[in-house]
Amino acid sequence: MNTIGKLYRLTTFGESHGEAIGGIIDGVPSGIELDFEQIQDELDRRKPGQSKIVTQRKESDTVKFLSGILDGKTTGTSIGFLIPNENQRSKDYEHIEEVYRPSHADFTYSKKYGIRDVRGGGRTSARETANWVVAGAIAKQIIPNIKINAYVSSVGDLFLEKPYQALDFSQTDSNIVRCPDAETAEKMIERIQEIRKQGDTIGGTVTCVIQNVPIGLGEPIFDKLHARLGQAMLSINAVKGFEYGSGFCGARMKGSEHNDLFNQDGTTKTNLSGGIQGGISNGMDIYFRVAFKPVATLMKEQETINSEGEMVKMHGKGRHDPCVVPRAVPIVEALAAMTLLDFVLQDASRKI
Ligand SMILES: Cc1cc2nc3c(=O)[nH]c(=O)nc-3n(C[C@H](O)[C@H](O)[C@H](O)COP(=O)(O)O)c2cc1C
């Protein structure tokens, strides 16, 4: 229930306003020299308070490793880690103790568990995703040849029209919205600021491109590579859609338009398959898109119900993201890295 992965496994714990969040990573090969700066850099890309277009909660998100590492190298035993919570303001949530925020997880958690950790959303909070970023950063270091790049490809109805082949991924972090095209990025930032001033929120998409993938990762039936990527991406808070390759557009095409014809060396002239056929990587680029809804907590009045079943008015309070996609980029990359590594280990285990 709190674990993702089969051979590279992350088990997590923690609530938004509890003492700390953290996890245990199993399946890390021994002898990997870890780059701790890179792990912290990834956490900094996700952390709150990093720019004017994200939540202003201030967390240093400093990770403390407790086990599984000796003299900077992995020992092959489980890696335990903690990220202390530093900047909780639980009072900001007192006003929702008896009411359910529309489209948040307040109602479902209350009904399922009969008890609700209202402080910062408890375990429903995307604070949990910091744990995933730690495991993802380590996964990236174990499979450095596989290149994973995510970026913001839309905010509301503002789309980055260029295909990923025309982008320079080194520019993704050159702006606060994490869109590698400077002109589009500027418009996206303006839109998010406008929406925030209105006390509203806005959705968007993150595109992820995975390059240099060996042929043969993924299983033919239940552990299809795209199914596991989809499960990972759909586990991210606020995600409403996942499509890979031609995705939903493919449903509008004819086979003669959609088929990826082969070159003699087994590569394909087009890549509408998105690098996966029959659940197995074919060596072409894997690319997919993840759709994020607008954040549920609004800084404006909405109608809702309380725990007594009465219709009431509520007004959001506290520090919230007006749009999650800039902070979601490292989360998408982390889960992609963990999923790919899991299959690399599975593939290796078949060969001994
Ligand atoms: C990076 C990130 C930041 C988020 N920040 C907020 C936030 O500030 N306020 C909020 O209400 N929801 C936020 N969310 C979304 C909620 O966690 C999510 O909508 C909620 O748990 C309900 O789950 P669901 O939307 O997947 O159904 C964020 C999600 C992500 C990925």
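Residues numbered from 1 in each chain as written. Predicted model: local features only at pLDDT ≥ 70, side-chain atom pairs only at ≥ 80, totals over all residues. Heavy atoms only, no water.

Going by what an unreviewed UniProt entry lists, the chain is known as Chorismate synthase and is assigned to Moheibacter stercoris. Reading the Catalytic activity (unreviewed entry) entry of the UniProt record for the chain gives the comment "5-O-(1-carboxyvinyl)-3-phosphoshikimate = chorismate + phosphate". UniProt, in the comment section headed Pathway (unreviewed entry), describes the chain in these words: "Metabolic intermediate biosynthesis; chorismate biosynthesis; chorismate from D-erythrose 4-phosphate and phosphoenolpyruvate: step 7/7." (UniProt positions renumbered as here; feature names shortened; annotations may be inferred.)

Trainee: Which parts of the structure should I look at to understand the site of the ligand?
Mentor: Taken together, the neighbourhood of the ligand is formed by 15 residues, with Thr124, Lys293, Thr297, His320 and Asp321 sitting nearest. Within the side chain of Asn237, one N or O atom sits 3.3 Å away from an oxygen atom of the ligand. For the ligand, the accessible surface in isolation is 630 Å², of which the surrounding protein chains cover 86%. By residue class, the composition of the shell around the ligand is 7 nonpolar, 5 polar and 3 charged. (Near = heavy atom within 4 Å. Polar contact = N/O pair within 3.5 Å; in protein donor to acceptor, adjacent residues only side chain to side chain. Areas by Shrake-Rupley, 256 points an atom, 1.4 Å probe, with all protein chains shown as cover. Nonpolar A, V, L, I, M, F, W, Y, C, P; charged D, E, K, R; others polar.)

Trainee: Please explain the sheet that holds strand β4 (residues 64-65) as it appears in this structure.
Mentor: Paired through backbone hydrogen bonds, the strands of a sheet run either parallel or antiparallel to each other. The antiparallel open sheet is built from 5 strands, whose spatial order is β1-β2-β3-β7-β4. Every interior strand has two partners, whereas the edge strands, β1 (3-4) and β4, have only one. (Pairing = 2+ DSSP bridges. Helix = DSSP H or I, 4+ residues; strand = E, 2+ residues; numbered from the N terminus.)

Trainee: I tried to follow the UniProt feature "binding site: FMN" (unreviewed entry) in the chain on my own but got confused; where do I start?
Mentor: The residues that UniProt annotates with the feature "binding site: FMN" (unreviewed entry) are Arg123, Thr124, Ser125, Asn237, Ala238, Gly278, Lys293, Pro294, Val295, Ala296, Thr297 and Arg319. These residues run over 197 residues, and the two farthest C-alpha atoms among them are 44.1 Å apart, placing them at more than one spot. Looking at where Asn237 falls in the secondary structure, it is placed in the loop between α5 (225-234) and β11 (239-244). Assessed through its relative accessible area of 25%, Asn237 is described here as partly exposed. (Buried < 20%, exposed > 50% of the residue type's maximum accessible area, 1.4 Å probe, protein only.)

Trainee: Sorry if this is basic, but what is going on with the UniProt feature "binding site: NADP(+)" (unreviewed entry) in the chain here?
Mentor: The sites that carry the UniProt feature "binding site: NADP(+)" (unreviewed entry) are, in the present numbering, Arg46 and Lys52. For Arg46, the position within the fold is in helix α1 (residues 36-46). With residues near it in sequence (within four places) discarded, Arg46 still touches Asp61, Ala126, Arg127, Thr129, Ala130, Val133, Arg327, Pro330 and Ile331. When neighbours within four sequence positions are excluded, Lys52 is seen to be in contact with Ile176, Ile189, Gln193 and Arg196. (Contact = heavy atoms within 4.5 Å.)

Trainee: I would appreciate a short explanation of empty space enclosed by the protein in the present structure.
Mentor: The method is simple in principle: a probe with the dimensions of a water molecule rolls over the atoms, and the space it marks as empty is what remains. Within the structure shown, the criterion is met by 1 cavity of 30 Å³ or more. As a volume, the largest cavity reaches approximately 30 Å³. Lining the largest cavity are Glu42, Val133, Gly136, Ala137, Lys140, Pro330, Glu333 and Ala334. At the level of elements, α3 (129-142) and α7 (325-350) are the ones that each hand at least two residues to the lining of the largest cavity. It is α3 that provides the largest number of residues to the lining of the largest cavity, a total of 4 residues. (1 Å grid on protein atoms, 1.4 Å probe; cavity = no way out; pocket = protein on both sides within 12 Å on 5 of 7 lines; lining within 4 Å. Points joined across faces, edges and corners; volume = space filled by probe spheres on them.)

Trainee: How should the side chain of Arg116 be read in this particular structure?
Mentor: When you line up the elements, Arg116 lands in the loop between α2 (106-113) and α3. Polar contacts involving the side chain of Arg116 include one to the main-chain carbonyl oxygen of Ile96, which spans 3.0 Å. A polar atom in the side chain of Arg116 sits 3.2 Å from the backbone oxygen of Val99. Residues within four places of Arg116 in sequence aside, it is in contact with Ile96, Glu97, Val99, Tyr100, Asp106 and Ser110.

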